[in-house]
Amino acid sequence: MNDPSRHLDAMRTATPLVQNITNYVAMNVMANVMLAAGASPAMVHARGEVAEFAGLAAALTINIGTLDAEWAECMALAARAAVERDIPWVLDPVAVGATAMRRDVGARLLDLSPTVIRGNASEILALSGAVARGRGADAADEVAMAQRAARDLARASGAVVAVTGPVDFVTDGARTAHISNGDPIMPRITALGCSLTGVVGAFAAATPAFEGTIAALAYYGVAGEIAGRTASGPGSFQPAFLDALYAMTGAELDAMTRVALT
Ligand SMILES: Nc1ncnc2c1ncn2[C@@H]1O[C@H](COP(=O)(O)OP(=O)(O)O)[C@@H](O)[C@H]1O
Ligand SMILES: Cc1ncsc1CCOP(=O)(O)O
Ligand SMILES: [Mg+2]
């Protein structure tokens with residue numbers, strides 16, 4: 001893909017309203033990232049309104065980071081509503097291999113036809129039923145080790161699967177792509193993966209899932225590289241990253257994107 005800017009433009013033009021059921025750690029960071037990118041985020045998770053809100057939204061994201069039993073039920077209600085209303089929904093299976101409860105909720109959500117699944121290598125391995133070595137929300141497996149699991153998961157679920165890390169991998173079960181943008185500080189800042197899931201949802205609202213996911217990951221990684229030029233550590237990286245998401249032009253994105261389609 002040499003023109004991800006087309007998909008960035010489509011997203012910014014649509015300013016999609018994206019409903020997010022996300023974790024307490026990510027809520028503020030994710031909303032700011034999505035606003036800087038040009039989307040319109042809303043964090044909505046109450047039982048009485050999740051399904052109704054999905055009727056207003058252009059996409060839904062569901063993140064199991066700070067799970068409880070009530071939220072798990074609301075997540076399923078929202079996912080069903082998204083499927084009924086034919087809007088894309090993105091699953092972020094945070095730490096899905098860590099506990100029986102997470103494995104159970106992850107499997108239930110997987111059965112509800114996510115459009116895209118975005119996780120780190122350990123999460124994608126665990127969600128696919130393979131042995132994974134994740135440590136809480138952090139990956140302890142290489143992206144390359146999760147590629148086969150991602151392909152199998154995509155074929156079994158019908159979702160586009162994105163495995164993120166130093167080099168990201170995206171597959172729809174037939175096509176694959178590697179995206180080698182990003183900055184090594186990114187995994188040292190909490191909720192940047194969760195926030196990326198929101199950006200993937202925003203792109204998927206305006207672009208078919210495989211192309212939209214690749215463009216979202218490239219855009220995010222390029223913003224990381226731009227932020228990394230001036231940041232001296234995780235603290236100064238965060239505002240520089242928001243500024244880069246906000247200010248990035250289509251020409252900059254196309255010039256800096258490193259995507260290999262296979
Ligand atoms: N070592 C790295 N070098 C460059 N970019 C990275 C690195 N690790 C993660 N990223 C980027 O950070 C973002 C979040 O991915 P990741 O850290 O895998 O998610 P999570 O926080 O859910 O584990 C992605 O854009 C990914 O490409
Ligand atoms: C630290 C933590 N604990 C539960 S959710 C969460 C945030 C995880 O964020 P990310 O997956 O983006 O690193
Ligand atoms: Mg994560």
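The protein chain carries the name Hydroxyethylthiazole kinase in an unreviewed UniProt entry, which gives Jannaschia donghaensis as its organism. The heading Function (unreviewed entry) in the UniProt record of the protein chain holds the text "Catalyzes the phosphorylation of the hydroxyl group of 4-methyl-5-beta-hydroxyethylthiazole (THZ)." UniProt lists a comment for the protein chain under the heading Pathway (unreviewed entry), and it reads "Cofactor biosynthesis; thiamine diphosphate biosynthesis; 4-methyl-5-(2-phosphoethyl)-thiazole from 5-(2-hydroxyethyl)-4-methylthiazole: step 1/1."

1. Here we look at the site of ligand 2
Taken together, N23, V25, G65, A137, T190, A191, L192, G193 and C194 make up all the residues around ligand 2. Here L192 contributes a backbone N or O atom positioned 3.4 Å from an oxygen atom of ligand 2. Using a 2 Å cut-off from the grid points, one finds that ligand 2 occupies the largest pocket. Residue composition of the shell around ligand 2, grouped by class: 5 nonpolar, 4 polar and no charged.

2. Regarding the nonpolar core
Most often, soluble globular proteins keep nonpolar side chains buried together rather than apart. The biggest cluster of nonpolar side chains holds 48 residues, and the ones touching the most others in it are V170, F203, Y219, Y220, F237, F241 and L245. Take this core: its biggest share by element is 13 residues, from helix α9 (residues 209–230).

3. Considering the site of ligand 1
Around ligand 1, the surrounding shell holds 15 residues, and the nearest of these are R118, N120, T164, G165 and D168. One of the side-chain N or O atoms of R118 is found 3.1 Å from an oxygen atom in ligand 1. With respect to ligand 1, the backbone of G165 contributes an N or O atom lying 3.2 Å from an oxygen atom. Starting from 550 Å² of accessible surface for ligand 1 in isolation, the protein chains cover 86%. Judged by the proximity of its atoms to the pocket grid, ligand 1 belongs to the largest pocket. Counted by class, the shell around ligand 1 contains 7 nonpolar, 5 polar and 3 charged residues.

4. Regarding the pairing of strand β8 (residues 176–179)
As paired strands, strand β7 (residues 168–171) and β8 are joined by 4 bridges and run antiparallel to one another. Each residue of the ladder has a partner; that of T171, found in β8, is T176. Where β7 folds back onto β8 in an antiparallel hairpin, the turn is made up of 4 residues, including G173, whose phi is positive at roughly 100°. Pairing between β8 and strand β9 (residues 259–261): 3 bridges, direction antiparallel.

5. Concerning helix α1 (residues 5–14)
All of the buried residues in α1 are S5, H7, L8 and M11. Viewed along the axis of α1, the buried residues span an arc of 160°, placing them on a single side of the element. Turned more than 90 degrees away from the buried face of α1 sit R6 and T13, all of them exposed. Looking at the buried side of α1, the elements it contacts are α2 (27–37), α8 (192–206), α9 and α11 (250–256). With its phi angle positive at about 40°, T15 sits one or two positions after the end of α1.

Calculation rules
- Residue positions are given per chain, counted from 1 along the sequence in the order it is written.
- Note on labels: chains are lettered from A, ligands numbered from 1, in written order.
- Where totals are concerned, whole chains, interfaces and linings use all residues; where local detail is concerned, this predicted model gives features only for residues with pLDDT of at least 70, and gives and counts side-chain atom pairs only at 80 or more.
- Only hydrogens and water are set aside; all other atoms, that is, all heavy atoms of the structure, feed into the side-chain values.
- UniProt positions are given in the numbering used here, feature names are shortened, and annotations may be inferred rather than shown by experiment.
- Proximity is defined per residue: any heavy atom of the residue falling within 4 Å of a molecule or strand makes that residue near it.
- Pairs of N or O atoms are called polar contacts if they sit within 3.5 Å, as long as, within protein, a hydrogen donor faces a hydrogen acceptor (for residues adjacent in sequence, only side-chain-to-side-chain pairs).
- Space inside and on the surface of the protein is sampled on a 1 Å grid over the protein atoms alone, with a cavity defined as a set of points where a 1.4 Å probe fits but cannot get out and a pocket as an open set with protein on both sides within 12 Å along at least 5 of 7 lines; lining residues have an atom within 4 Å of a point.
- To decide whether a molecule occupies a pocket or cavity, check its atoms: if more than half lie within 2 Å of the grid points, it is inside.
- Note that Gly is not counted as nonpolar here; it falls among the polar residues with everything else outside the nonpolar set of Ala, Val, Leu, Ile, Met, Phe, Trp, Tyr, Cys and Pro and the charged set of Asp, Glu, Lys and Arg.
- Residue types Ala, Val, Leu, Ile, Met, Phe, Trp, Tyr and Cys, when buried and joined through side-chain atoms within 4.5 Å, form a set referred to as a nonpolar core.
- The cut-offs for exposure are 20% and 50% of the maximum accessible area for each residue type, with area from a 1.4 Å probe on protein chains only; residues under the lower value are buried, those over the upper are exposed, and the others partly exposed.
- Where helices and strands are cited, they refer to DSSP runs of H or I of at least four residues and of E of at least two residues respectively, numbered from the N terminus.
- What sets the accessible areas is the Shrake-Rupley method with a 1.4 Å probe; for residues, cover comes only from the shown protein chains.
- Should DSSP find at least two bridges between two strands, the strands are taken to pair.
- To be clear, the arc concerns the directions from the helix axis to the C-beta atoms.
- Contacts between residues were defined by any pair of non-hydrogen atoms, one from each residue, lying within 4.5 Å.

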